[in-house]
Amino acid sequence: MSFDDSIDAGPILGLSHQYFAYTTALAAVELRLFDLLAGRTLSEAEIRAELGLHPRLTADFLDSLVAVGLLTRETGDYGNTRLSDHYLREQSPTNVIRYVKGAQFRWQNLLQALRSGEPLVTMKPAGATMDNLRQGKDDWRKFFAWADYLASARNVALARQVDWSGVVDFVDAGGGNGTAAAHVVRDNPHVRATVFDLPNAKPAFEEQMARLGTQGKVSFQTGDLFADPLPRADAVLFGGMLIDWSEEQRLAMLRSAYEALRPGGVVLAANHMLDDARSSNVASFMVSLNIMLVSKDGRVPLMEDCRSWLLQAGFARVEIRPLAQGESLIVGHKDK
């Protein structure tokens, strides 16, 4: 076969470079480089001495982290960026290190999952994660830091791209520590918000509201999405919820939202969705594979599936539009 120089190798090279950069960042995390640089800057030689690194690779290693935006370099000294300090420093209350390492394990075992069809992690019963948080078996701050990390662009977009002018109160169903609700009420002061979640989320909610200055603007109501009715509201938000659970559970949540909404109310479901042709939006396909590696029922649904669920739940009119970072927003309108 002759060489064909019309074939662009760029996409494969790009994938390779992304993998190299990700692996470099993971190495920095393992070395606890970002903790070493917390609140100070060090030279390349000082970093080598502190971490026991060999001089042959260290300079290129550090400068590659500068290039990807995880380190700063001024007059030869290296420091953390706000991004790495916030998410990749072990001592940061908002670090996502545990989950990044978990993703590395999952994806290294993708071939095993493809052959077996089984998730790599045995999922606990609904609510078990929050039970563990209550019992001190997990660090709930890190759990919600990870959720906020995944939803960072989504929360801003929900607050600023959705028309909240006709909404007096809304419910963030399964809203955890209330970050999404806080974004909405801060950008739309006329709106009142209620987070509806399991009781074990409440300590995280109270701490987050104090940190964001939204005490009194967002309330918390204890409840189980699959057992208890949602509070009455003009809008119900499901943030990232339609990629979890079984199809029956997703439909049950949407029916619960329909029952809770006042006439003319809307349900807002924001998460990744696959295009109906299954041919674009790489991020959503990667998210779908990722959740299938840890969940028997989870997957990213097709846009048409989401539309069908809302119609089955009783919503009269359904629209889907882009939101942020590959995610979409599906809006279901209840008749007046």
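Anyway, here's the lowdown on the structure attached to this text. (Residues numbered from 1 in each chain as written. Predicted model: local features only at pLDDT ≥ 70, side-chain atom pairs only at ≥ 80, totals over all residues. Heavy atoms only, no water.)

**Remarks on the overall build of the protein chain**
To keep it simple, the criterion reads: Secondary structure elements are defined from DSSP: runs of H or I of at least 4 residues count as helices, runs of E of at least 2 residues count as strands, and each element is numbered from the N terminus. With C-alpha atoms as the basis for the radius of gyration, the globule rule is written as 2.2 Å multiplied by the number of residues raised to the power 0.38. Contact definition: two residues touch when any of their heavy atoms are within 4.5 Å.
From N to C terminus, the protein chain includes 15 helices and ten strands. In terms of C-alpha radius of gyration, the protein chain reaches 22 Å, essentially the compact-globule figure of 20 Å for 336 residues. With the C-alpha coordinates aligned to their principal axes, the bounding extent of the protein chain is approximately 70 × 60 × 35 Å. Taking all contacts inside the protein chain whose residues are at least 6 apart in sequence as the whole, residues at least 24 apart take part in 66%.

**Comments concerning the packing of aromatic side chains**
Put simply, the rule is: Pairing of aromatic rings covers Phe, Tyr and Trp, the last through its six-membered ring, and needs centres within 6.5 Å; plane angles under 30 degrees mean stacked, over 60 mean edge-to-face, and all others mean tilted. Accessible area is worked out with a 1.4 Å probe on protein chains only. A residue is then buried under 20% of its type maximum, exposed over 50%, and partly exposed in between. Consider the ring centre and the ring normal. A charge sits over the ring if Lys NZ or Arg CZ is within 6 Å of that centre and within 35 degrees of that normal.
Enumeration over the complete set of coordinates arrives at nine aromatic pairs. Both rings, one in Trp164 and one in Phe170, keep their centres 5.0 Å apart while their planes meet at 50 degrees; by these two values the pair is tilted. Of the two residues, Trp164 and Phe170, both sit in the buried class. Three or more aromatic residues link up through ring pairs in this structure, and these residues are Tyr87, Tyr99, Trp146 and Tyr149. One cation-aromatic arrangement involves Lys334 over Tyr258; the distance from NZ or CZ to the ring centre is 4.5 Å.

**Quick word on the pattern of salt bridges**
What counts here: Counted as salt bridges are all cases of a side-chain nitrogen of Lys or Arg within 4 Å of a carboxyl oxygen of Asp or Glu.
Here the structure, examined in full by the defined rule, presents 14 salt bridges. A salt bridge links Lys296 to Glu118, with the nearest nitrogen and oxygen atoms 2.9 Å apart. With Lys296 in the loop between helix H14 (282-292) and helix H15 (303-313) and Glu118 in the loop between helix H7 (110-116) and helix H8 (128-135), this residue pair connects regions lying 178 residues apart in the sequence. By relative accessible area, which is 54% here, Lys296 ends up exposed. Residue Glu118 is classed as partly exposed on the basis of its relative accessible area, which comes to 41%. For the salt bridge of Asp234 with Arg262, the shortest nitrogen-to-oxygen distance reads 3.0 Å. Taken together, the positions of Asp234 in strand E7 (residues 233-239) and Arg262 in strand E8 (residues 261-272) put the pair 28 residues apart, joining distant regions of the chain. Residue class for Asp234 comes out buried when judged on its relative accessible area of 17%. Among the ionic contacts, a cluster of salt bridges with common partners joins Asp169, Arg192, Asp234 and Arg262.

**Comments concerning the nonpolar core**
Rules: Among the buried residues, those of types Ala, Val, Leu, Ile, Met, Phe, Trp, Tyr and Cys that are joined through side-chain atoms within 4.5 Å form a nonpolar core.
Core analysis: the biggest nonpolar cluster contains 32 residues, and Leu158, Trp164, Phe170, Val218, Leu268 and Leu329 have the highest contact counts within it. When residues of this core are traced back to their parent elements, those giving at least two are helix H10 (152-161), helix H11 (179-187), strand E5 (192-197), helix H12 (202-212), strand E6 (218-222), E7, E8 and strand E10 (327-333). In terms of residue count, H11 provides more of this core than any other element does, five residues in total. With 26 residues, the next largest nonpolar core counts Val171, Phe238, Ala269 and Met273 among its residues.

**Describing the packing of helix H1 (residues 10-31) against helix H6 (residues 97-108)**
The test is simple: Axis geometry follows a simple rule: fit a line to the C-alpha atoms, using only the stretch in contact for helices, then measure angles between N-to-C directions, giving values from 0 to 180 degrees. Orientation categories follow fixed angle ranges, with anything under 35 degrees roughly parallel, anything over 145 roughly antiparallel, 65 to 115 roughly perpendicular, and all other angles oblique. Left-handed describes a crossing whose near helix is turned anticlockwise from the far helix by less than a right angle; the clockwise case is right-handed. Each residue is assigned to one class: nonpolar for Ala, Val, Leu, Ile, Met, Phe, Trp, Tyr, Cys and Pro, charged for Asp, Glu, Lys and Arg, and polar for all the others, Gly among them.
Orientation of H1 relative to H6, taken along the N-to-C sense of each, is 130 degrees, at an axis distance of 11 Å. When the axes of H1 and H6 are compared, the pair comes out oblique. In terms of crossing hand, the pair formed by H1 and H6 is left-handed. Listed contacts from H6 to Tyr22, Leu26, Val29 and Glu30 of H1 are Ile97, Val100, Lys101, Ala103 and Gln104. Of the residues in the contact of H1 with H6, the class split is six nonpolar, one polar and two charged.

**Some details on the sheet that holds strand E4 (residues 169-173)**
Where strands meet in a sheet, backbone hydrogen bonds hold them as pairs that are either parallel or antiparallel. Which entries qualify depends on this criterion: A pair of strands is treated as paired once DSSP finds two or more bridges between them.
Strands sit in the order E6-E5-E4-E7-E8-E10-E9 across an open sheet of seven strands; the sheet is mixed. Looking at the sheet topology across the chains shown, the edges are occupied by E6 and strand E9 (317-322). Pairs of neighbouring strands in the sheet enclose a mean axial angle of 20 degrees, with direction left out of account. As defined by bridge partners, E8 adjoins E10 across seven bridges and the pair is classed as antiparallel.

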